[in-house]
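# Observations on the model geometry
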Amino acid sequence: MSVLSVKNLEYAYSKGTPFQIGALKGVSVDFNLGEIVGVIGHTGSGKSTLLQHLNGLLKPESGEILFEDENIWSSKESVRKCRFGVGLCFQYPEHQLFESTVFEDIAFGPKNMGLSESEIKERVLESIKFVGLTEDYLNKSPFDLSGGEKRRVAIAGVISMKPKVLVLDEPTAGLDPVGKNDLLDLIKSYNKTTNSTVIFVSHNMDDVALIADRVLVLNDGNIVMNGTVPEVYSKGSELLKLGLDVPEITRVFLKLHEAGFDVPTDVYTVSDGKEKLLEFLKRGKMNG
Amino acid sequence: MEKIIEFKNVSFKYSDEEFDVINDLTIDFYEGQFTCVLGHNGSGKSTMAKLINAINYPTSGKVTSFGFDTSNEENEIRIRQNVGMVFQNPDNQIVATIVEDDVAFGPENLGVPPEEIRKRVDEALKIVDMYDYRLHEPHKLSGGQKQRVAIAGAIAMQTKCIVLDEPTAMLDPKGRKEVMSALMRLKSELGMTIILVTHFMDEAVNADRVVVMNDGVVQFDGTPSEVFSHTEDLKKIGLSVPKPLELALELKKEGYDLGTKILTEDAFLEAFRSLI
Amino acid sequence: MVKDITIGQFFPGNSFIHKLDARAKILSCFVLIIFIFLCKNFASMGLMCFLICFVYALTRLSPKLMAKSLKPLVPIIILTSVLQLYYNNTGDVLWSYKKITITDGGIYTAIFIVVRIVALLVISSVLTYTTAPTDLTDAIEKLLSPLKIFKVDIHTFAMMMTIALRFIPTLIDEIDRIMSAQKARGADFESGNLLKRIKALFPIFIPLIISSFKRAFELADAMSCRCYVGGKGRTRMRKMSFSYRDAIAGVITVVICGAIIFMNFQFEALI
C-alpha cells in the first residue's frame, strides 16, 4: 500500500542561473508502508531537493505529493499533518540540538504537535529506547554527549513524532564502521517494530545493500533506476557510468566478468561472493 | 630513511577528562613515507595528529618534530613551518574570500616576498588541480575542492610533511577520490611525507605503512597487507578490511589460496588468474 | 529565503575599473559620494550622472545586474519621493486635495532625490562589484594605517573584516539548514505574538551560536597551524601599486568635481 507518493514533481533552484543544481525534472515515485528505501545519487543529483519535498519544506513548482492519498498542499492542515506524518532528519542532525536536556530536546517535536505532558513523556521514553540509549541520558545536556550519541538523540527527536514515514539524509555520515553498523541496525529494527516506512539517502552502496528493500537512483533530477537491491546492483557498470560507487565486492565481480570469467555481476556481499566463486571454481574443475 | 617525527612514551589527557586519550605511545615517522593512521572514533588517532605539530602538548613523554621539542613554545613556528595540517571540516580552515588568497595566507605569515608567494601559490594550486578555480570564492566550491585548497595552503608553505586529520570524513565519494588523488600527487611529485588519519579502510590501501590505533595505543603497525591480514582482530576493534581481501581470505578457508596481498579488485583479478 | 541576500558581491573582470588600485577606487568613490551631496541643481547632477554612467559602462558589467540590485530598494526610493512631494510645497501649485498639495517644485525635488539615491547606490556598487573583498580590506588597512601612531590595531581590524566576509555566506547557509531542520520538527516561525516569535528563534540561534564557536576555535587552530601570529612580519602576495590608470581616474574625478562646483554657481540651486 502506498503511503507517500510523488507525482511528476518538478523544481528548480534559482531558475535560469548557472546555479540550477539539484533541480528535479519530473520525478514520480511511490513509497509503500513498511519498506526501507535507499536513495542514491551523487551531490547535485536532486536527492536532497526530493527529500525536502516529502514533508512539505519545499513547495513543488509543478506536480504533487500525496500523503495518505491527500495532496499535502491542498490546505494548511494537510501540510501540518504531513510535517508530522513524514519525519525528516537532516544530515548531521546533531547540529540542530538546542535544549538544555536530552529529554527536552526529544520532546520538542511532540510539544509542537500539542500533545499532553504524559503523552510527551511516554514518547520520549519510547524514542530514547529505539535509538539504543538508556533513560540515564534524559537528564544530561545534549552537548556533553559523544558525536555518535548526539546523532542518536537527534534521530530520537524525529522518531518521537511517531512519523509514518521516516526520512533520513545520510544518517551515517562521519561515523566509523562500528557506529555506522549500529545505527543501520537500529534503523532496521525501528522499521520492523513500528512497521513505518524508512527512506534514507546514502553515498555508501554497502550501507544501502545492508538494509534497503528497494533502491532509487537519482541522476540529474530524474529517477534513473528503481528496483530491489539485486535488480539495481546487477547494473554495476551503468552505476559506474553515472559516477556512483558500487559495492566493493560488486567491483571485484565486474572486474572478473570483464576479464572474461563467467561470473555473475549482481553480487554485493562477501558471503555471497564466496559462494559464487566456489561454484565457479568447481564448475571449472568439472569442465577441465 | 630519516626519522622526522618521534613520539617517546607519550601520554595525553584532555583537562576535562579522566582517562588518557593517548597512553604511553612510542612511535616514529619517516621522511617520504605515506603513513595511514586508522582507528575508530575515540581511538586517539586525531589527538595523536594534533600532538605532531604542537596543537596538543603531551602530558608526559616527549614529541620531537623535525628535531624540535613540541612542548617548547618557542619552537611552535619552526615546527609548523615543517608540518602542515589539514582538518576535517573544509569550511572552518579557509580564511580568505578568494581561493588564491587563502593559499597565500601561510607564506604571507612567514614573510615570504610577494613574487615568491605568487610562484608558490600557482604551483601549489596546479598540484592539487585547483588552478582554474584560483579566483573563485571558497564558499561556492564543493567539499572536495575546499579540501584541496586547504592542502594547497600547506604546500605553499613548503612544509616537508603534511598531516591530515580525517580530511574526507565530510565528503561525498567524488570528493574523497579527488582528495586521495591529490595526495598521491604530493607523494609522487613532491616526495612529501604524508600522515593521513582516517577511518576509511580503502584510503589505506595505497599507503606505504598502516598504523592502527586503539584505546590510545598502537595495535598494528606495518605494510597494508600485513596489517589487513589481521581481519578478525580488526573487526573486533570496530574496523573493517578491504572487501577483496576479505573475500580472498574466505576462499583460502576453502582451500583456494590467493595470497594475502589482495587489497584492490585489480590485485584480486591478478591472483585469481594465476590460481586458475 | 535567507539565501537571496547578497552582501559584498564581487564580479571578477578585466576592465579598466577592475584594474584600478583599490585605494584609488575607495578614495574616488568617497569623493564622488561627497560631491553627489554637493550637487545643487540638475545641471551638476546631470554631469555627475553622466560620469557615473560612463564609469559603470567601463566596468563592462551588464546594466541588468545593477537593475537587479536596485530592485529591492525600490520601495524605499518611492517612499522618499512621495514624502518629498508631500512636504515640499515650493513653486506653482499643480494639484491639491484637502491637505495634500503638489507643486512643481515638489516634483523637481522628488525627482532630484530619486536620482541622487540611485547615483549613490550605483557608485558604491561599482566599488563592491569590481573590487575583490580582499583588495577592499587590504586597501582599507593601508588607507587607515596612519592611525597606527595612535596605537590602533588596523591589521587585526582588517583581518576581522576579511573573516566576517568569508563566513557570512557560510552562516547564511547554516541558518537556512537549521531553520529547515526545526521546521521539520514542527517549529513555527510565522505565527503568534511577538514574545512567541522571539521564543521561536531559540531553536535556531542556540545551535547557530554553538556551531559558530566551534567554527571559531577550529579556524583559530587552522590559522595558527599556518603560522599566523598577527600582522607583524607579514608580507602580502598582492602588491598594491598605483599606475597610470589611477592617475587618470584621479584627474577625471578632480575635473568633474571642479565642474560641479562651477555649475552649482552658474545655475540656480534647486536644493
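Remember, it's a predicted structure, so these values are computed and weren't measured experimentally.

### Thoughts on the overall build of chain A
- Looking only at helices and strands, chain A has 11 helices and 10 strands in total.
- Here the C-alpha radius of gyration of chain A, 21 Å, is about what a compact globule of 288 residues would show, namely 19 Å.
- For chain A, the residues scored as buried account for 55% of the 288 residues in total.
- Both charge centroids of chain A, one from 32 positive and one from 40 negative side chains, sit 2 Å from each other.

### Focus: the sheet that holds strand β8 (residues 197-201) of chain A
Residue and element names in this part refer to chain A.
- What the 6 strands build is an open sheet, ordered β6-β7-β8-β3-β9-β10; its pairing is mixed. Since the sheet does not close on itself, it has two edges, and those belong to β6 (86-89) and β10 (222-228), each with one partner. Averaged over all adjacent pairs, the angle separating strand axes in this sheet is 15°, with direction ignored.
- Bridge count for strand β7 (residues 165-169) against β8 is 5 bridges, and the pairing is parallel. Counted as the bridge partner of L168 is F200 from β8.
- Where helix α1 (residues 47-54) meets the sheet, its contacts fall on β3 (36-40), β6, β7, β8 and β9 (214-219), and the angle it forms with β7 comes to roughly 150°.
- Helix-sheet contacts for helix α6 (residues 177-194) involve β3, β7 and β8, and the interaxial angle to β8 is about 155°.

### Examining the environment of Q33 of chain B
All names here are of chain B.
- Positionally, Q33 belongs in the loop between β2 (22-30) and β3 (34-38).
- Taking relative accessible area as the criterion, Q33 reaches 13% and is therefore assigned buried.
- For the pair Q33 and S181, spaced 148 residues apart in sequence, the C-alpha to C-alpha distance is 16 Å.
- Not counting the four nearest positions on each side in its chain, Q33 is found in contact with M1, M192, T193, I194, D208 and R209.

### Re the interface of chain B and chain C
- Counting residues at the interface gives 39 residues for chain B and 31 residues for chain C.
- For the pair chain B and chain C, the two sides together bury roughly 3,200 Å², of which 56% comes from carbon and sulfur.
- It is N92, T97 and E108 of chain B in chain B that bury the most area against chain C; as a group they hold 20% of the surface buried on that side.
- Counting across the chain B and chain C interface gives 7 salt bridges.
- Ionic pairing is found between E100 of chain B and R238 of chain C, a salt bridge with its closest N-O pair at 3.3 Å.
- Elements supplying a minimum of two residues to the side of chain B that touches chain C: α2 (76-82), α3 (99-109) and α4 (114-127) of chain B.
- Partitioning the side of chain B that touches chain C into residue classes produces 19 nonpolar, 11 polar and 9 charged.

### Focus: the layout of surface pockets
Residue and element names in this part refer to chain C.
- Each pocket or cavity is described by its volume, and for the second largest pocket that value is around 730 Å³.
- Where the lining of the second largest pocket is concerned, the elements lending two or more residues are α1 (16-19), α2 (22-38) and α11 (244-266).
- Taken together, the residues of the lining of the second largest pocket sort by class into 9 nonpolar, 7 polar and 11 charged.

### As for the pairing of β3 of chain B
Residues and elements named next belong to chain B.
- Most of β3 sits inside the fold, with 5 of its 5 residues counted as buried.
- Here β3 shows two buried faces, one formed by F34, C36 and L38 and the other by T35 and V37.
- Alignment of β3 against strand β8 (residues 193-198), held across 5 bridges, turns out to be parallel. Of the residues in β8, the one forming a bridge with T35 is I195.
- Two elements, β3 and strand β9 (residues 209-214), share 4 bridges in a ladder whose sense is parallel.

### What to know about the packing of helix α5 (residues 147-159) of chain A against α6 of chain A
All names here are of chain A.
- In contact at an axis separation of 12 Å, α5 and α6 are set at 15° when each is read in the N-to-C sense. Classed by the angle they form, the pair α5 and α6 counts as roughly parallel. Along this stretch, α5 crosses α6, giving a crossing that reads as right-handed. Only D182, L183, L186 and Y190 of α6 make contact with α5, whose side of the interface consists of R151, R152, I155 and I159.
- A breakdown of the residues in the contact of α5 with α6 according to their chemical character gives 5 nonpolar, no polar and 3 charged.

### Structural notes on the interface of chain B and chain A
- In this complex, chain B contributes 30 residues to the contact, which on the side of chain A involves 28 residues.
- For the pair chain B and chain A, the number of links is 7 residue pairs in polar contact (both at pLDDT 80 or more).
- Secondary-structure elements contributing two or more residues to the side of chain B that touches chain A are α6 (173-190), α9 (243-253) and α10 (265-275) of chain B.
- Per-element accounting of the side of chain B that touches chain A gives the leading share, 7 residues, to α10 of chain B.

### Looking at the nonpolar core
- Of all hydrophobic cores here, the largest spans 74 residues; its most connected members are I151 and F268 of chain B.
- The biggest single contributor to this core is helix α5 (residues 143-156) of chain B, with 7 residues.
- Of all hydrophobic cores here, the second largest spans 50 residues; its members include I40, V215, V229 and V232 of chain A.

### Some words on the packing of aromatic side chains
Residues and elements named next belong to chain A.
- Considering all chains together, one arrives at 15 aromatic pairs over all chains under this definition.
- On the numbers, 4.9 Å between centres and 85° between planes, the contact of F98 with F108 is edge-to-face. Of this pair, F98 sits in the loop between β6 and α3 (102-112) while F108 sits in helix α3; the two residues are 10 residues apart in sequence, bridging distant segments of the chain.
- Here F98 falls in the buried class, since its relative accessible area comes to 7%.
- Consider the rings of F261 and F280, whose centres lie 5.9 Å apart with planes at 90°: the pair is edge-to-face. Linking F261 in the loop between α10 (248-258) and α11 (270-287) with F280 in helix α11, this pair joins segments that are 19 residues apart in sequence.
- Looking at F261, the relative accessible area reads 13%, which means it is buried.

### A few points about the side chain of D172 of chain B
- Looking at the secondary structure, you find D172 of chain B in the loop between β7 (161-165) and α6.
- One buried charged side chain, D172 of chain B, makes no salt bridge at all; its nearest oppositely charged neighbour is K47 of chain A, positioned 6.6 Å away.
- Of note is the side chain of D172 of chain B, whose polar atom sits 2.9 Å from the backbone nitrogen of G175 of chain B.
- In this structure, D172 of chain B is in contact with T43 and H203 of chain A, ignoring residues within four places of it in sequence.

Conventions adopted
- Residues numbered from 1 in each chain as written.
- Chains lettered and ligands numbered in written order.
- Predicted model: local features only at pLDDT ≥ 70, side-chain atom pairs only at ≥ 80, totals over all residues.
- Heavy atoms only, no water.
- Helix = DSSP H or I, 4+ residues; strand = E, 2+ residues; numbered from the N terminus.
- Rg over C-alpha atoms; globule rule 2.2 N^0.38 Å.
- Buried < 20%, exposed > 50% of the residue type's maximum accessible area, 1.4 Å probe, protein only.
- Lys, Arg positive; Asp, Glu negative; His and termini not counted.
- Charge placed at Lys NZ, Arg CZ, Asp CG, Glu CD.
- Pairing = 2+ DSSP bridges.
- Axes fitted to C-alpha atoms, helices over the stretch in contact; angles between N-to-C directions.
- Contact = heavy atoms within 4.5 Å.
- Buried area = accessible area lost by both parts, 1.4 Å probe.
- Salt bridge = Lys/Arg side-chain N within 4 Å of Asp/Glu carboxyl O.
- Nonpolar A, V, L, I, M, F, W, Y, C, P; charged D, E, K, R; others polar.
- 1 Å grid on protein atoms, 1.4 Å probe; cavity = no way out; pocket = protein on both sides within 12 Å on 5 of 7 lines; lining within 4 Å.
- Points joined across faces, edges and corners; volume = space filled by probe spheres on them.
- Parallel < 35°, antiparallel > 145°, perpendicular 65-115°, else oblique.
- Left-handed = near helix turned anticlockwise from the far one by under 90°.
- Polar contact = N/O pair within 3.5 Å; in protein donor to acceptor, adjacent residues only side chain to side chain.
- Core = buried A, V, L, I, M, F, W, Y, C linked by side-chain atoms within 4.5 Å.
- Phe/Tyr/Trp six-rings, centres within 6.5 Å; stacked < 30°, edge-to-face > 60°.

That's the geometry; what it means functionally is another story.
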